[in-house]
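# Descriptive structure summary
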Amino acid sequence: MKLDERVYKELCRVPRGKVTTYGALARAVGLPNGQRIIGRIMKNNPYPGIVPCHRVVRSDGKVGGYSPGGMSGGEMIKSAMLEKEGIGISGGKIRDLDGSLFEF
DNA sequence: ATGGCGGCGGCAC
DNA sequence: AGTGCCGCCGCCA
C-alpha cells in the first residue's frame with residue numbers, strides 16, 4: 001500500500017473533536033522524520049470531505065496550513081472547522097476552552 | 001538516478 | 001517568549 005493511503009487511513013482514526021500532528025502522523029506510518037511528507041500528502045488529499053485533513057495541526061501549537069484544491073487563505077477556514085468540532089483556538093494557537101494549551 | 005520541493009520540527013539566537 | 005535557520009525524507013519532473 002502506498003504511503004499516502006496509510007496516512008489517510010491513519011488520519012481517519014482521529015475522532016471528531018480531537019487533533020493530531022504532522023509528526024505524530026508521520027511516526028504512525030513509520031516515518032519518524034517525515035513531517036514534511038505529511039503536509040505534502042494533505043495538500044494532495046484526494047478525499048476532501050472524507051479525510052479530515054483539517055484535523056492535522058503543528059506540534060508547536062499553531063494550526064498549520066490548509067490549502068484545499070490549491071486555494072489560499074484556507075487556514076482561517078481550518079480554524080473555524082476545528083472550533084466547530086469543539087477545539088478551542090485563539091490567536092492562531094490551539095487552546096482548550098480554559099486557555100490552556102491543547103494536548104495531543 | 002539526481003535535484004528540487006513541501007500545509008513541518010527542533011534547536012539556536 | 002518570539003523569530004529564524006537548518007535539517008530530514010519521500011514524490012515528481
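So, how was this worked out
- Residues numbered from 1 in each chain as written.
- Chains lettered and ligands numbered in written order.
- Predicted model: local features only at pLDDT ≥ 70, side-chain atom pairs only at ≥ 80, totals over all residues.
- Heavy atoms only, no water.
- Near = heavy atom within 4 Å.
- Polar contact = N/O pair within 3.5 Å; in protein donor to acceptor, adjacent residues only side chain to side chain.
- Helix = DSSP H or I, 4+ residues; strand = E, 2+ residues; numbered from the N terminus.
- Patch = residues over 30% accessible without salt bridge, like charges linked within 9 Å, V, L, I, M, F, W, Y side chains within 5 Å.
- Areas by Shrake-Rupley, 256 points an atom, 1.4 Å probe, with all protein chains shown as cover.
- Salt bridge = Lys/Arg side-chain N within 4 Å of Asp/Glu carboxyl O.
- Buried < 20%, exposed > 50% of the residue type's maximum accessible area, 1.4 Å probe, protein only.
- Arc of directions from axis to C-beta.
- Contact = heavy atoms within 4.5 Å.

As annotated in an unreviewed UniProt entry, chain A is Methylated DNA-protein cysteine methyltransferase from Cenarchaeum symbiosum.

### Notes on the protein's contact with DNA strand B
As a structural note, the neighbourhood of DNA strand B is formed by 16 residues, with Arg36, Met42, Lys43, Cys53 and Gly65 the closest of them. A share of 54% of the atoms of DNA strand B within 4 Å of the protein falls on sugar and phosphate groups. One of the backbone nitrogen or oxygen atoms of Cys53 is found 2.6 Å away from a base nitrogen of DNA strand B. A distance of 3.2 Å separates a phosphate oxygen of DNA strand B from a polar atom in the backbone of Ser59. For the surface near DNA strand B, the elements supplying multiple residues, two or more each, are helix H2 (22-28) and helix H3 (35-43). Tallying contributions element by element places H3 first for the surface near DNA strand B, with six residues.

### Side note on a nonpolar patch on the surface
Side chains of Met71, Met76 and Ile77 sit close together on the surface and give an oily, nonpolar patch of about 290 Å² of accessible area. Looking at the element boundaries, Met71 is found in the loop between strand S2 (56-57) and helix H4 (74-84).

### What to know about helix H1 (residues 3-13)
Those residues of H1 not exposed but buried are Val7, Tyr8, Glu10 and Leu11. On an axial view of H1, the arc spanned by its buried residues comes to 165°, and they lie on one face. Exposed side of H1, more than 90 degrees from the buried face: Lys9 and Arg13 are the residues found there. Where H1 is buried, its residues contact strand S1 (20-21), H2, H3 and S2.

### Focus: the environment of Glu5
Its place among the elements puts Glu5 in helix H1. Between the alpha carbons of Glu5 and Gly64 there is a distance of 21 Å; along the sequence they are 59 residues apart.

### Comments concerning H3
Taken together, the buried positions of H3 are occupied by Ile38, Ile41 and Met42. Buried residues of H3 fall within an arc of 100° about the axis and therefore sit on the same side. In this structure, H3 carries Arg36, Arg40 and Lys43 as exposed residues pointing more than 90 degrees from its buried face. Contact partners of the buried residues in H3: H1, H2 and S2.

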